[in-house]
Amino acid sequence: MTRIAIVSNRLPPLDRDEASAGGLAVGLSAALEDSGGTWLGWDGTVASAPDGAASIQQSAPYRVVSLALSEQEHAGYYIGFSNRTLWPLFHGRADLVRFDPSAFATYRAVNARFAKQLAAGAGNHDLIWVHDYHFLCLGQELRRLGIELPTGFFLHVPFPAPDTLTALPCHRELIGALSAFDLVGFQTEGDVRNFHNYAVRHLGGTVSADGTVCALGRRFRTGAFPIGIDTRRFAALAVSKEAASLRDRLGGCFRDHLGIIGVDRLDYTKGLEYRLRAFERMLQTRQGHPGQTFLLQIAAPSREEIPEYNELKHELEALSGRINARHARIDWTPVRYINRTFSQTRLAALYRLSRVGLVTPLRDGMNLVAKEYVAAQSAADPGVLELSRFAGAAERMTAALLVNPFDIDGMAKATSRALDMSLDERRERWSELVSEIRDHDVHGWRDDFLRALLAGSGRQDLEDRCGMPGPVAVARHTPGPRATVEVGSGLRRRCDRPGATPHEQEIKCDAPGWRVRPCV
């Protein structure tokens, strides 16, 4: 089995249904469960003088290895450079960027500490997969320690336009460190174009047709790998006994009014203030139906140590209160604003009850809430997804109602249209969307990235463990037009077998492209 070491700032919850508003932990948990290995990250604690020792927990079939941060590391690496410099910069908010050279130095030092921890157990793994903007320098630090395993990086947030990135004084040093990876993956083709343009214009690099970049004396691969969700698992969660019980209890709230739901972290990139204003505009213009609908907005607390987030929290509380004061009746409250996290099961139940799912960020790498909302719907009576054009998910989920989140009137009209949409159109749109998220789920995302990483690093021997002609693997088919085939390496392949029914059979693998034969 291919053994993978994953590094990310956030660690997975040991309980898969634990409340979590972010998509990274949920998506990677599903991916690593199929392959096994190690997940290294920050344990969420801040100590005045941490001892530096790692905590190890087993979350079968993989280990979770966590490190604590010192107060200085938390202030410089996490609050400072990661979330007051990189986060606003990568989301196009150069006006909110706060750059402190000492914070960047701390960021580099934390990357070096995590690299040292990872290097200590590198012999137990076949490849390394690093995630997101917290660890842009980790590949370079691994190379300095002599680690030559295939090492890939995936950016979950958007990659900014070249001119935006150059506002950062250390942009060249940062991207130079990123070039130490064998493969750099992005969410969308637009992000890849931004990176290529930056490499050519500001690093004097060249880009090949296959996405290979040559710059700063390094040669590495790039590509778009849009992340998915565990679609079938989430759909099953929406019809589970616990979710059904929740829907029964909440059904009265949704029976007399059409529910509109938004689920986000409380963050200035999510466009929540624009969303609330658009909802109020719809109430004002939707003649004859003032109490027909309500907005349930869940905004999970996030980065409360950062002033901009507290300011946004107060703004949203005031705005939702004002809308309710102006429009509410004794028997109807138009906005239900909740500032806490919900479990995956509760969210699945709420998605299924809601006629409209609002996913309208000002900028987003992907946004898995859009995919979860679609996965949770009933085929007989599905809801409508209203999706920002500036979310990465919009690149492929074109059957959604695509909106400009800065256009208050346009969003109000789109929401009104979604509420009035015929059942036939809702079914047609949902059918296209659910096919997309089934065909491009989290397992396929992982497979695509790891296959590209192995191919680009010249490590075909790893594939050949299951790729040589003759070895027998077991394939488990699942119902539907695209059957899942699990092969001995732990990587999952697919075969198009219409009408596949649940059963197991023996298959053979061919080298080197993981082709499966026969699929009967």
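Please refer to the structure placed before this passage.
Residues numbered from 1 in each chain as written. Predicted model: local features only at pLDDT ≥ 70, side-chain atom pairs only at ≥ 80, totals over all residues. Heavy atoms only, no water.

Asker: Before we go on, may I ask you to explain the pairing of strand S6 (residues 151–154) in this structure?
Answerer: Regular strands place side chains that alternate from one sheet face to the opposite one. Taking every second residue as pointing to the same face, both faces of S6 are buried, with Thr151 and Phe153 on one and Gly152 and Phe154 on the other. By the bridge criterion, 4 bridges tie strand S5 (residues 127–131) to S6 in an arrangement that is parallel. Residue pairing in the sheet places His131 in a bridge with Phe154 of S6. With 3 bridges joining them, S6 and strand S7 (residues 183–186) adopt parallel strand pairing. Along S7, the bridge assignment pairs Phe153 with Val184. (Buried < 20%, exposed > 50% of the residue type's maximum accessible area, 1.4 Å probe, protein only. Helix = DSSP H or I, 4+ residues; strand = E, 2+ residues; numbered from the N terminus. Pairing = 2+ DSSP bridges.)

Asker: Please clarify how the nonpolar core should be interpreted in this entry.
Answerer: The nonpolar side chains of a soluble globular protein tend to be buried, and buried together. Phe114, Leu385 and Leu387 are the most contacted members of the largest nonpolar core, which has 142 residues in total. The leading source of residues in this core is helix H2 (residues 71–90), at 8 residues. (Core = buried A, V, L, I, M, F, W, Y, C linked by side-chain atoms within 4.5 Å.)

Asker: Sorry if this is basic, but what is going on with the packing of aromatic side chains here?
Answerer: Each aromatic ring pair is specified by the distance between its two centres and by the angle formed by the two planes. On inspection of all chains with the given rule, the structure shows 27 aromatic pairs. Ring plane angle 75° and centroid distance 5.7 Å describe the contact between Phe159 and Phe186, whose orientation is recorded as edge-to-face. Note that Phe159 is positioned in the loop between S6 and helix H5 (162–165) and Phe186 in strand S7, a separation of 27 residues in sequence. One exposure class covers both Phe159 and Phe186, and it is buried. Ring pairs connect the aromatic residues Tyr77, Phe81, Phe99, Phe104, Tyr107, Phe114 and Phe135, which therefore count as one cluster. The ring of Trp87 is capped by Arg303, whose NZ or CZ atom sits 4.2 Å from the centre of that ring. (Phe/Tyr/Trp six-rings, centres within 6.5 Å; stacked < 30°, edge-to-face > 60°. Lys NZ or Arg CZ within 6 Å of the ring centre and 35° of its normal.)

Asker: Can you walk me through the pattern of salt bridges in this structure?
Answerer: When the charged atoms of two side chains lie near each other, side chains of opposite charge can form a pair. Applying the stated criterion across every chain, the model contains 27 salt bridges. Between Glu280 and Arg322 there is a salt bridge whose closest N-O contact spans 3.4 Å. Remark: Arg322 occurs in helix H11 (residues 307–327) and Glu280 occurs in helix H10 (residues 272–285); sequence separation between them is 42 residues. Relative accessible area serves as the criterion here: at 6%, Glu280 is assigned to the buried category. Residue Arg322 is classed as partly exposed on the basis of its relative accessible area, which comes to 30%. Among the charged side chains, a salt-bridge network with shared partners connects Arg108, Glu141, Arg144 and Glu173. (Salt bridge = Lys/Arg side-chain N within 4 Å of Asp/Glu carboxyl O.)

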